[in-house]
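Observations on the model geometry
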Amino acid sequence: MRQVAEMVGSPRIVTGKSVLHPTGDPTLDESGERALRRRTLESALEMLAAGEHSDAA
Amino acid sequence: MRLEWRLTHVARAEFGPTAISGGCLRVAHQELCALLAQDRRLQAIDLEIVNPGEQCRITDIFDVFEPRFKPAGPNFPGLLEPLRRAGDGVSAVARGAAVMVLNSLADNYRKTVEMSGEAAALTPYSRTANICIRSRPAPGVSRDSYYRALKELGARAAVYLGRAAERAGADEVEFFTLEDSSARSRALPRVAYIFAIASQQRPTTSDPILYGDNVRQLIPTALHPNEIIDGAVLAPYWNFGSESYTVQNHRTVLELYRRHRRELNFTGVIVMVAAEVEEARTRNAIIASGLARHALRADGVIITKYGGGIPESVAMETYEACQELGVKGTIVIWAHGGDGRIEGSLTVISPHADALVSCGINEERLELPPIARVVAAAPAAQALIAQPDGSLKPAAGALQLRILALAGAADQLGGGRRSSEEY
Amino acid sequence: MEPIRVVHYLNQFFGQLGGEEAAGAKPRIQAGPVGPGRQLQARLGERLTIVATAICGDNTFADHPESTARELSALILPYRPHMVIAGPAFNSGRYGFSCGQLCAAMGAVGIPALTGMYEENPAVEQFRSQTLIVRTGATARHTAQALDAIAELAQRVARGENIAYPAQVGCFPAGMRRGTIRAQEAATRAVDMLLRKLAGQPFVSEISRPTFSPVARAAMRRPLSQSTIALVTDGGLVARGNPERMPNGYTDRFTAVSIAGLSRLTPEAVEVNHGGYDTQFVNADVNRLVPLDAARELEQEGVFAHLYETVYATAGLGMALSNAREIGRQIGQRLAEAKVDGAILTST
């Protein structure tokens, strides 16, 4: 749950669909679910990538 | 709306022609079984009676009802009888008796009642005369249908025994009404109660929670407190800590009533569910708090929950949403034991949650000794009870029990004196 | 009356072995009080007697906490103490750690122990749940008051007093919770509390708000397109059949689920075991919990370079925070050793 992640100080949080299926949605058809899942994962990866990289050295 | 409880006191029960006299509830075994057997979803219906003080352990409990009968109806509208408003009129109550519905399907959430020994002090049902009803689903009946049938069975038995109270006459009368027009009362702080009546952590389809509805899509709404305690709201199949009996005798509703017009103005009840989707949780918090502030004009709210962690989050979110509108709150909430540190007490705690009442540590366990008599859905000799580690042990032997599995012991609705403290 | 035997613990400095250069001193013990122990004895009176003083260097303790505690135990126990008093450590972190560690070890074998520290000493947070810690000033300038407080507490302990609320006897609160039975029902207490709150009167919450420090935001070492990404979950993922018998909650364990060669999670490979939510939807399609199929797509498209072949998983239901921190630390360490650049935790 988002509130728990915020409470314990997580620096990067993406809100999933539901506790019962964070990266899925049984009310959607298969292609809809896969698209949702992909978007959620993309958001997470974008969050990881955002911000400075440390120096390569 | 004026609800009148006519209480007939029951100290013990036994089989015999159905009647209450001298504190003894007699139950006509054959007649009640025949009545309940009319439900074709059920078979092999049987009764057992367990009285306070007996060395007995009752297990496989699915739900508990207080026997009640409203001659003018409706009795459990939406579940047993056609939909009509609950909360008004006369209700005969067999106070001190309880109907225990046993579930013969394997289910980790069946509960136990200990009638003697140390654990007895922790459950209110050690002090009630318990009419235990066992049954099995008829062939082809799904679990969901069986559970719905069990709810109806409990309600039907409750009404049947409630009729005996009505025939016996009242030892005591209580009535509940919010109507008041005194100036002094208008000056008192206005308090509403926000009641999360279900958690969607474990959704089911047939669960008759609100006027027979399973509240899957419930948007927060307002009810009269009388509806809560007069059969419009029942305990969900899965709730961690309460039975329908608990709701019929809802301690927070009764406490607010007790102090209504003396220290506060009880302005009403908002019911909502703890949704499993975040968007719905936020939507519900917005609407519930709006109802509290704008419709019920509350200065303060008391919030309670069922279930586990998500409902904790819902309670906090609703509390914060109320706070935003200037409505102050307290939350009755359980605590997690974890490693004992205060930081692990709650799944979520909001920045402004400064008024929490603890209803105990939910992981507590009890040690139960061997017991002389067992009443279960299965024959006593075959009855098993799930241990905290998931294993099964004979019900008559020494065993461990999670506090959540002792019916009535982990009331999250304001009853009971189990709590926790920090040191 | 039998005298109460006390063993006092001091570090290298207060134990008069020397300064920083003696911080590596090995554990030793001698009869009677040493240094500030004499002032402590004066306050303890006749009935309590410091029969011995154990001394050890702060670095020794810091470098080998468990074995040092064992060695000191072995030196202390022959004196058959009724009580062990450590320090006071004031604001010294390493000394505080030594005192805390020793007191906890003594408590574990049933010997009442107590110490004293200043509130900013990091050892307070670490040990207050395991031993009584008296509040003291920040430096040895406050020795007199510190020893007064320690002596007073020692008298209580000697009398067999049950210290139910450390904060009421001059100690730091333990920061713990325990079950209790109150005089009134929760509903009554809730209405009382609300009415006080509405009237602007003081009230005490039965559950206080913890403070969590923010987690440092680690930056990615290299661009995403060159990175190795790992998936992690607390939603109860296990290999099919749960061969490691992972519990469905209340655990301190985690498991490594291999996803090598898998393009999506299937019931042939994995299942979900978690007691805190209805797992029917994720068991029907485990990618709803750990998004392997989408991750493989993005890996093939080059959004990131490589998907790590192991999913570390646990069941988060009812997990004690200390276990969560330790599991997180261990998983983080394994991922770092495997040169993983970023991790995505899916949580229920």
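How each quantity is defined
- Residues numbered from 1 in each chain as written.
- Chains lettered and ligands numbered in written order.
- Predicted model: local features only at pLDDT ≥ 70, side-chain atom pairs only at ≥ 80, totals over all residues.
- Heavy atoms only, no water.
- Pairing = 2+ DSSP bridges.
- Helix = DSSP H or I, 4+ residues; strand = E, 2+ residues; numbered from the N terminus.
- Axes fitted to C-alpha atoms, helices over the stretch in contact; angles between N-to-C directions.
- Contact = heavy atoms within 4.5 Å.
- Buried area = accessible area lost by both parts, 1.4 Å probe.
- Salt bridge = Lys/Arg side-chain N within 4 Å of Asp/Glu carboxyl O.
- Polar contact = N/O pair within 3.5 Å; in protein donor to acceptor, adjacent residues only side chain to side chain.
- Nonpolar A, V, L, I, M, F, W, Y, C, P; charged D, E, K, R; others polar.
- Buried < 20%, exposed > 50% of the residue type's maximum accessible area, 1.4 Å probe, protein only.
- Expected span 1.5 Å × (residues − 1).

1. As for the sheet that holds strand E2 (residues 28-31) of chain C
Residue and element names in this part refer to chain C. With mixed pairing, the six strands of this open sheet are ordered in space as E2-E3-E1-E4-E5-E6. Looking at the sheet topology across the chains shown, the edges are occupied by E2 and strand E6 (132-135). Between one strand and the next, the sheet's axes are offset by a mean angle of 25 degrees, whatever the strand orientation. The pairing of strand E4 (residues 83-90) with strand E5 (residues 113-117) spans four bridges and is classified as parallel. By the bridge assignment, Phe90 is partnered in E5 with Met117. Sitting on the sheet, helix H3 (residues 65-76) is in contact with strand E1 (4-11), E2, strand E3 (48-56) and E4, with an inclination near 145 degrees to E3. Sitting on the sheet, helix H6 (residues 143-158) touches E1, E3, E4, E5 and E6, and the angle it makes with E4 is about 160 degrees.

2. Focus: the interface of chain A and chain C
Across the boundary between the two partners, chain A contributes 29 residues, which contact 39 residues of chain C. Counting the surface lost from both chain A and chain C, the interface buries some 2900 Å², and carbon and sulfur atoms represent 62% of this. When the shortest N-O distance is used, the salt bridge between Arg34(A) and Asp293(C) registers 4.0 Å. Taken together, chain A and chain C are joined by ten residue pairs in polar contact (both at pLDDT 80 or more). At eleven residues, the largest contribution of residues to the side of chain A that touches chain C is made by helix H2 (residues 30-49) of chain A. The class makeup of the residues in the side of chain A that touches chain C is 14 nonpolar, seven polar and eight charged.

3. A few points about the sheet that holds strand E4 (residues 24-27) of chain B
Residue and element names in this part refer to chain B. Taken in spatial order, the three strands make up an open sheet running E2-E4-E3, and their pairing is mixed. Unpaired on one side and paired on the other, strand E2 (12-15) and strand E3 (19-21) mark the two borders of the sheet. Ignoring which end each strand starts from, the neighbouring axes of this sheet average 25 degrees apart. The pairing of E3 with E4 spans three bridges and is antiparallel. When the bridges of E4 are listed, Ser21 appears paired with Cys24. Relative to E3, helix H2 (residues 143-168) is tilted by about 45 degrees, and along the sheet it contacts E3 and E4.

4. As for the pattern of salt bridges
Two side chains of opposite charge can pair, provided their charged atoms sit close to one another. All names here are of chain C. Per the counting criterion, the structure on display carries 57 salt bridges over all chains. A salt bridge links Arg43 to Asp148, with the nearest nitrogen and oxygen atoms 2.6 Å apart. Here the residue Arg43 occupies a position in helix H1 (residues 36-44), and Asp148 occupies one in helix H6, the gap between them amounting to 105 residues. By relative accessible area, which is 29% here, Arg43 ends up partly exposed. For Asp341, the salt bridge is made with Arg221, and the minimal N-O distance between the two is 3.5 Å. Residue Asp341 is located in the loop between helix H10 (321-337) and strand E14 (342-346), and its partner Arg221 is located in the loop between helix H7 (186-198) and strand E8 (228-233); the two are separated by 120 residues in the primary sequence.

5. Considerations on the side chain of Gln412(B)
All names here are of chain B. Relative to the helices and strands, Gln412 is located in the loop between strand E23 (399-402) and strand E24 (418-422). Classification of Gln412 by relative accessible area gives buried; the value is 1%. Reaching out from Gln412, the side chain makes a polar contact with the side chain of Lys305 at a distance of 2.6 Å. Excluding anything up to four places from it in sequence, Gln412 contacts Asn239, Phe240, Ser242, Thr304, Lys305, Tyr306, Gly307, Val332, Trp334 and Cys359.

6. Some words on H7(C)
All names here are of chain C. Taking 1.5 Å as the rise per residue, H7 with 13 residues should run 18 Å; its terminal C-alpha atoms sit 18 Å apart, in good agreement. Of all 13 residues that make up H7, ten are buried, and the element is covered over most of its length. Among all positions of H7, only Ala186, Ala187, Thr188, Arg189, Ala190, Val191, Met193, Leu194, Leu195 and Lys197 are buried.

7. Brief notes about unusual backbone geometry
That bond from Gly73(B) to Pro74(B) is cis: its omega, -10 degrees, falls within 30 degrees of zero. Following the sequence through the fold, Pro74(B) ends up in the loop between strand E7 (68-69) and strand E8 (89-95). The residue after Gly87(C), namely Pro88(C), is reached through a cis peptide bond having omega 15 degrees. A positive phi angle, near 65 degrees, is found at Asp60(B), a position not held by glycine. Structurally, the position occupied by Asp60(B) is in strand E6 (residues 56-65). For Gln16(C), which is not glycine, the phi dihedral falls at a positive 65 degrees.

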